[in-house]
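Notes for the structure review
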Amino acid sequence: MAVSVFAPASIGNVTVGFDVLGLAVQPVDGSLLGDVVSVEASDSDRLDVIGNFANKLPSEPSDNIVWHCLQLFNQALAEQGHAIQLVRLTLDKKMPVGSGLGSSACSVVAALEALNAFYDKPFSPEQMLAMMGQMEAQISGSLHYDNVAPCYFGGLQLMIADPAIITRTLPSFDDCYFVMAYPGIEVSTKAAREVLPNEYSKADAIAFGQTLSGFVDACYRQDKQQAFGHFKDVLAEPYRESLLPGFVEAKAHLQSAGCLAVGISGSGPTLFAVTDDKTLADNAATWLQKNYLSTELGFVHVCKADTQGARCL
Ligand SMILES: Nc1ncnc2c1ncn2[C@@H]1O[C@H](COP(=O)(O)OP(=O)(O)OP(=O)(O)O)[C@@H](O)[C@H]1O
Ligand SMILES: N[C@@H](CCO)C(=O)O
């Protein structure tokens, strides 16, 4: 019998936590913003790719990260002495590539979780997350968990330096809407990391620590004023703005319209705007649809935090 797993989109960094903060999101209209991977027994290992963004992926299945997930999973099974079965994987690629929505993380998390479910969960969540991080690092050139962790566990995740823990769930702002606008152009994570400086000033280090710790404190006290009143990224946004046509203007407009915060989702080009007012969220979505999208592939979704993470369908 086939097992199908959905893994949701996420906002990497959440502006104040470069590489260490991530939030899973789901559209309020109930549509599935994320990838689905199905696994079923077969007489040979194979990968089929379907879905709206299938044609944006490498044409060779063996170049798809889902294929690498199968190799890694089989290797881990073998190390534990499990019998390995031949499987047919199907990736429903619903997520645009290089979008800032954690597209590769969606594929990685859906693939590994579907395989774990197919085999009746031989691996613990901690072992699974470590494998997910390894796959994400392979594709983006650096080990960061801020997409795979929220995509897998759901909610708002804070990465911890302890490798035995990796991530902790923070209380999220569940009454907030996150308006996600993907303009329809591609920005590779690798390229968006290369524009960042290798060193930062003492002032930036202090500002980063203070902003992130203030945000975490505000999450525990559910204090939106504090969380979003000082919502500033000194590490990435200033250097990445120029990669995102119209971002500066859109941010200024949305802030003056009353949004609590506006930032770059992951490494962009997706922009996210935060508000606890549904009417404002809908108006922001309409404005972004008209003014931020630059190709027919672009889209806007009004989302809330996705507290479930990866799940069997
Ligand atoms: N299943 C897959 N999903 C996404 N990208 C894949 C997949 N398989 C292979 N790739 C390749 O991996 C690279 C992913 O690049 P990148 O990390 O910039 O994208 P992303 O994960 O979509 O980014 P983001 O996290 O900003 O959404 C692309 O070159 C893409 O062709
Ligand atoms: N934290 C990563 C997320 C990539 O989506 C970055 O900003 O490069």
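Residues numbered from 1 in each chain as written. Chains lettered and ligands numbered in written order. Predicted model: local features only at pLDDT ≥ 70, side-chain atom pairs only at ≥ 80, totals over all residues.

A few points about the sheet that holds strand S13 (residues 311-312)
Ordered by their spatial adjacency, five strands build an open sheet running S5-S6-S4-S1-S13, and the pairing between neighbours is mixed. Each of the sheet's edge strands pairs with one partner strand only, and the pair in question is strand S5 (46-50) and S13. Direction of pairing for strand S1 (residues 3-8) relative to S13: antiparallel, over a ladder of two bridges. When the sheet's bridge partners are listed, Val5 is paired in S13 with Cys312. Packed on one face of the sheet, helix H1 (residues 65-79) meets strand S4 (34-41), S5 and strand S6 (87-92) and runs near 145 degrees to S6. Where helix H2 (residues 103-118) meets the sheet, its contacts fall on S1, S4, S6 and S13, and the angle it forms with S1 comes to roughly 150 degrees. (Pairing = 2+ DSSP bridges. Helix = DSSP H or I, 4+ residues; strand = E, 2+ residues; numbered from the N terminus. Contact = placed C-beta atoms within 7 Å. Axes fitted to C-alpha atoms, helices over the stretch in contact; angles between N-to-C directions.)

Regarding the UniProt feature "binding site: ATP" (unreviewed entry) in the protein
What UniProt calls "binding site: ATP" (unreviewed entry) maps, in this numbering, to Pro96, Val97, Gly98, Ser99, Gly100, Leu101, Gly102, Ser103, Ser104, Ala105 and Cys106. Mapped onto the elements, Gly98 comes out in the loop between S6 and H2. In contact with Gly98, other than residues within four places in its own chain, are Glu186, Val187 and Ser188. Residue placement: Ser99 occurs in the loop between S6 and H2. In contact with Ser99, not counting residues within four places along its chain, are Tyr182 and Thr270. (UniProt positions renumbered as here; feature names shortened; annotations may be inferred.)

Comments concerning the site of ligand 2
As a matter of local geometry, ligand 2 sits amid 15 residues, with Gly12, Asp19, Thr189, Gly266 and Ser267 nearest to it. A per-element tally of the shell around ligand 2 places helix H5 (residues 189-194) first, with three residues. The residue makeup of the shell around ligand 2, split by class, is three nonpolar, nine polar and three charged. Both of domain 1 (3-171) and domain 2 (177-305) provide at least three residues apiece to the shell around ligand 2. (Near = placed C-beta within 6 Å. Nonpolar A, V, L, I, M, F, W, Y, C, P; charged D, E, K, R; others polar. Domains from an automatic or database assignment.)

Some remarks on the UniProt feature "domain: GHMP kinase C-terminal" (unreviewed entry) in the protein
Following the UniProt record, the feature "domain: GHMP kinase C-terminal" (unreviewed entry) maps to residues 236-291 here. Across residues 236-291, the secondary structure splits into 50% helix and 16% strand, with the terminal C-alpha atoms separated by 23 Å.

As for H2
Given a rise of 1.5 Å per residue, 16 residues ought to cover 22 Å, and the 22 Å separating the end C-alpha atoms of H2 matches this to within 8%. With 15 of 16 residues buried, H2 is to be regarded as a mostly interior element. The first or second residue beyond H2 is Asp120, which carries a positive phi of 65 degrees. (Expected span 1.5 Å × (residues − 1). Buried ≥ 20, exposed ≤ 12 C-beta atoms within 10 Å, placed from the backbone.)

What to know about the nonpolar core
Val109, Ala110 and Val179 are the most contacted members of the largest nonpolar core, which has 87 residues in total. With 10 residues, the top contributor of residues to this core is H2. The residues that make up this core include at least three from each of domain 1 (3-171) and domain 2 (177-305). Once residues within four sequence positions are removed from consideration, Val109 is found in contact with Ala7, Met132, Val148, Cys151, Tyr152 and Ala310. (Core = buried A, V, L, I, M, F, W, Y, C linked by C-beta atoms within 7 Å.)

Quick look at the packing of H1 against H2
The contact between H1 and H2 brings their axes to 9 Å, and the two run at 35 degrees. Judged by the sense of rotation from one axis to the other, the crossing of H1 with H2 is right-handed. Of the residues in H2, those in contact with Ile65, Val66, Cys69, Leu70 and Phe73 of H1 are Ser104, Ser107, Val108, Ala111, Leu112 and Leu115. Here the residues of the contact of H1 with H2 are counted per class, giving nine nonpolar, two polar and no charged. (Left-handed = near helix turned anticlockwise from the far one by under 90°.)

Digging into the site of ligand 1
Around ligand 1 sit 22 residues, and of these Ile65, Ser103, Ser104, Ser107 and Thr189 come closest. With three residues, the single largest contributor to the shell around ligand 1 is H2. Residue composition of the shell around ligand 1, by class: eight nonpolar, 14 polar and no charged. A domain-level breakdown of the shell around ligand 1 finds at least three residues from each of domain 1 (3-171) and domain 2 (177-305).

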